[in-house]
Amino acid sequence: MAINGAAAELNIVVDDQRIRVAAGTTVAAALFNLGTAAFRTSVSGEPRGPVCGMGVCFECRVTIDSRPHQRACLIAVADGMHIRTATEA
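Residues numbered from 1 in each chain as written. Predicted model: local features only at pLDDT ≥ 70, side-chain atom pairs only at ≥ 80, totals over all residues. Heavy atoms only, no water.

Visitor: In this structure, what is going on with the pattern of salt bridges? I would like to understand it.
Guide: It is possible for side chains of opposite charge to pair when their charged atoms get near one another. If you walk through the whole model with that rule in mind, you get 5 salt bridges. By sharing partners, the salt bridges in this structure join Asp15, Asp16 and Arg84 into a single network. (Salt bridge = Lys/Arg side-chain N within 4 Å of Asp/Glu carboxyl O.)

Here you go:
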């Protein structure tokens, strides 16, 4: 916690966009807060996003700090983290 009970904020980069998010936020929540609903694209080209929110469905996979296939719903943001969704055409 920061001064006066406010949550500390961290800097992360999502698809080349620098944003600030509250410490303790999951990557999935940070992406949803940005308005991102599709985190990846299926092999058939369909947009995919989180279904279960607890790491079982694997639909929330993103690349975090150059490590592919990380489950966004299980990982808390860290200062300086780079996140890449796989929804580009």
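Having seen the structure, we can now continue with the description.
Visitor: Could you clarify how one ought to interpret the environment of Asp16 in this entry?
Guide: With respect to the secondary-structure elements, Asp16 resides in the loop between β1 (9-14) and β2 (17-22). For Asp16, a relative accessible area of 64% gives the class exposed. Spatially, the C-alpha atoms of Asp16 and His82 are 8.1 Å apart, while their sequence positions differ by 66 residues. At 3.0 Å, the side chain of Asp16 and the side chain of Arg84 are in polar contact. (Helix = DSSP H or I, 4+ residues; strand = E, 2+ residues; numbered from the N terminus. Buried < 20%, exposed > 50% of the residue type's maximum accessible area, 1.4 Å probe, protein only. Polar contact = N/O pair within 3.5 Å; in protein donor to acceptor, adjacent residues only side chain to side chain.)

Visitor: Would you mind going over unusual backbone geometry with me for this structure?
Guide: Working note: non-glycine residues mostly have negative phi, and peptide bonds are mostly trans. A positive phi is found at Phe58, a non-glycine position, where the angle reads about 65°. Under the relative-accessibility criterion, Phe58 is labelled partly exposed at 39%. Even without a glycine there, the phi angle at Ser66 is positive, about 70°. Its place among the elements puts Ser66 in the loop between β5 (61-64) and β6 (67-71).

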